[in-house]
Amino acid sequence: MSKIIAVTNQKGGVGKTTTSINLAACVAAAGKRVLVVDADPQGNASSGLGFKPQKDTPTVYEVIAGEVEPEKAIVATQEPSLFLLPSDIRLAGAEIELASIDDREQIFASALQPLRSKYDFIFIDCPPSLGLITINTLCAADSVLIPIQCEYYALEGVSALMGTIQKVQKINRSLSIEGIVLTMLDARTNLGIQVAKEVRRFFKTRVYTTAIPRNVRLGEAPSHGLPIHLYDQRSLGAQSYEQLAAEFLKANS
């Protein structure tokens, strides 16, 4: 059975999709079979892995609507052991459609259940909100990974996210905190160092030792549809995500 990890933070621009793509890709490169589920209507994880759904391409929307078997919507990526369940703007309508369905919080869990035996890890890239899609992903997940940027107001909104997680734990009792990833760290600034200290003080041992730095190559990689270790393996961004993957795998060994 695979472990499902929801990568989430309702605050946008914190490196959530960057972490979903690159952590998953580095875990796959380490020999694991990995699936990325793009649960964000913006579809950035899909394009960041080199895939742009067309009108007739099945996506996660068709899967949760019960129109397509999940296996038929999954596509390969340029990392051999990494696969993608893509998304696009069609998923935006799901918030409204799910609202009228019984057991609406469990739609994602039901859709992903047939895939659990086929992968070692399933990473869900969540939308930057605490709406019904995010609630669904948390109900489907075994754990939550939270990227937090090393900038002013870094902890803003995190208490709301933690409150949502606690509420979901009443439905999904197995849901736990996988870890906190510090992102966009500029170690040359006092602010970055202070924020990192504050996050570590707040979350203690839940924070990964590896922090992801600000890195130009990390910003360039999605436009080429490649995870960072395939785009520029020698870059600081690639080295950091490889270290994070090693830390993640050690915790899940």
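The notes below deal with the structure included here.

### Some words on the overall build of the protein
- On a plain count of helices and strands, the protein comes out with 12 helices and seven strands.
- Radius of gyration (C-alpha) of the protein: 17 Å, near the 18 Å computed for a compact globule of 253 residues.
- Counting only C-alpha atoms, the protein reaches 50 × 40 × 35 Å along its principal axes.
- Within the protein, the proportion of its 253 residues that are buried is 56%.
- Of all intrachain contacts in the protein linking residues separated by at least 6 positions in sequence, the fraction that spans at least 24 positions is 79%.
- The protein carries 25 positive and 26 negative side-chain charges, and their two centres are separated by 7 Å.

### Focus: the packing of helix 7 (residues 132-140) against helix 8 (residues 158-168)
- Closest axis-to-axis distance for the helix 7/helix 8 pair is 10 Å, and the angle between their directions is 55 degrees. In this view, helix 7 runs oblique relative to helix 8, as classed from their interaxial angle. Between helix 7 and helix 8 lies a crossing of right-handed hand. Counting all contacts with helix 7, which are made through I135, L138 and C139, the residues of helix 8 involved are T164, I165 and V168.
- Split into classes, the residues belonging to the contact of helix 7 with helix 8 amount to five nonpolar, one polar and no charged.

### So, a nonpolar patch on the surface
- Residues Y152, Y153 and L191 make up a contiguous nonpolar surface patch of about 370 Å² in total accessible area.
- Considering the arrangement of structural elements, one finds Y152 in the loop between strand 6 (143-149) and helix 8.

### Details of the nonpolar core
- Among the nonpolar cores identified, the biggest contains 55 residues, and L35, V37, L85, I146 and I165 are the most heavily contacted of them.
- For I146, the residues in contact, after removing those within four places along its chain, are T8, N9, L161, M162, I165, I177, G179, I180 and V181.
- By size, the runner-up hydrophobic cluster in this structure holds 34 residues, among which are L84, I212, L218 and L249.

### Digging into the layout of surface pockets
- Roughly 530 Å³ of internal volume is contained in the largest pocket.
- Around the largest pocket, the lining comprises 32 residues; the ones closest to its centre are G15, T17, T18, M184 and P222.
- Per-element tally for the lining of the largest pocket: the top contributor is helix 1 (residues 16-29), with six residues.
- When grouped by side-chain class, the residues that make up the lining of the largest pocket number 13 nonpolar, 14 polar and five charged.

Scoring rules and cut-offs
- Residues numbered from 1 in each chain as written.
- Predicted model: local features only at pLDDT ≥ 70, side-chain atom pairs only at ≥ 80, totals over all residues.
- Heavy atoms only, no water.
- Helix = DSSP H or I, 4+ residues; strand = E, 2+ residues; numbered from the N terminus.
- Rg over C-alpha atoms; globule rule 2.2 N^0.38 Å.
- Buried < 20%, exposed > 50% of the residue type's maximum accessible area, 1.4 Å probe, protein only.
- Contact = heavy atoms within 4.5 Å.
- Lys, Arg positive; Asp, Glu negative; His and termini not counted.
- Charge placed at Lys NZ, Arg CZ, Asp CG, Glu CD.
- Axes fitted to C-alpha atoms, helices over the stretch in contact; angles between N-to-C directions.
- Parallel < 35°, antiparallel > 145°, perpendicular 65-115°, else oblique.
- Left-handed = near helix turned anticlockwise from the far one by under 90°.
- Nonpolar A, V, L, I, M, F, W, Y, C, P; charged D, E, K, R; others polar.
- Patch = residues over 30% accessible without salt bridge, like charges linked within 9 Å, V, L, I, M, F, W, Y side chains within 5 Å.
- Areas by Shrake-Rupley, 256 points an atom, 1.4 Å probe, with all protein chains shown as cover.
- Salt bridge = Lys/Arg side-chain N within 4 Å of Asp/Glu carboxyl O.
- Core = buried A, V, L, I, M, F, W, Y, C linked by side-chain atoms within 4.5 Å.
- 1 Å grid on protein atoms, 1.4 Å probe; cavity = no way out; pocket = protein on both sides within 12 Å on 5 of 7 lines; lining within 4 Å.
- Points joined across faces, edges and corners; volume = space filled by probe spheres on them.

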